[in-house]
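Geometric and topological summary
Take a look at the letters that make up each chain.
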Amino acid sequence: MPAALSPPPIDIGIPLTERRAIAEGLSALLADSYTLYLMTHNFHWNVTGPQFNSLHAMFMGQYTEQWTAIDIIAERIRALGFPAPGTYGQFARLTSIREPEGVPDANEMVRQLVVAQEATARTARNLFPVVDAARDQPTADVLTQRIHVHEKTAWMLRSLLEV
């Protein structure tokens, strides 16, 4: 049997130290994104009241979009040469989002999702200086797309709370 070949070192034009810093920032974004996904799915399952139909459908659209995003973020971490966090314990240590207590009413669910969407946007935005300094355009593209989605979703959710 022939000996296994080891892969060549990663040489994408971004030094190891910068790739590590970007991967650490993306890991925090992945943790926020997964926590937001789980929170939104939880609220989809448990929402009640007069807004049930509209919120149930809205939350499903949001958690479905979020599910796709977590894969994109994790794969970018892997492309940079680092393992992506993937356990509840890792996510709990890395996330900036506070887990909900119990089952809040529909308006509180919406309020908590606004806070979580904005926190995720901030986590993505805070990584830009490192990404820009490394000239890491693929990661910048991911961050730009994620910020756009989180800010738009926060605006739409916030609109539901206005009286």
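These notes cover the structure that comes with them. Note that the coordinates shown come from a computational prediction; the quantities given were computed from them, not determined experimentally. (Residues numbered from 1 in each chain as written. Predicted model: local features only at pLDDT ≥ 70, side-chain atom pairs only at ≥ 80, totals over all residues. Heavy atoms only, no water.)

1. Focus on the overall build of the chain
Along its length, the chain carries six helices and zero strands. Listing every helix and strand of the chain by position from the N terminus yields α-α-α-α-α-α. Judged by the C-alpha coordinates and their principal axes, the chain covers about 65 × 40 × 25 Å. By the burial criterion, 42% of the 163 residues in the chain qualify as buried. Across the chain, the fraction of contacts at a sequence separation of at least 24, relative to all contacts at a separation of at least 6, is 79%. Within the structure as shown, the chain displays about 9500 Å² of accessible surface, and the carbon and sulfur contribution to it stands at 59%. One way to put it: in the chain the 13 positive side-chain charges average out to a point 3 Å from where the 17 negative ones average out. (Helix = DSSP H or I, 4+ residues; strand = E, 2+ residues; numbered from the N terminus. Buried < 20%, exposed > 50% of the residue type's maximum accessible area, 1.4 Å probe, protein only. Contact = heavy atoms within 4.5 Å. Areas by Shrake-Rupley, 256 points an atom, 1.4 Å probe, with all protein chains shown as cover. Lys, Arg positive; Asp, Glu negative; His and termini not counted. Charge placed at Lys NZ, Arg CZ, Asp CG, Glu CD.)

2. Some details on the environment of phenylalanine 43
Residue position: phenylalanine 43 is located in helix H1 (residues 16-46). Excluding residues that lie within four positions of it along the chain, phenylalanine 43 makes contacts with Phe59, Pro100, Pro104, Met109, Gln112 and Leu113.

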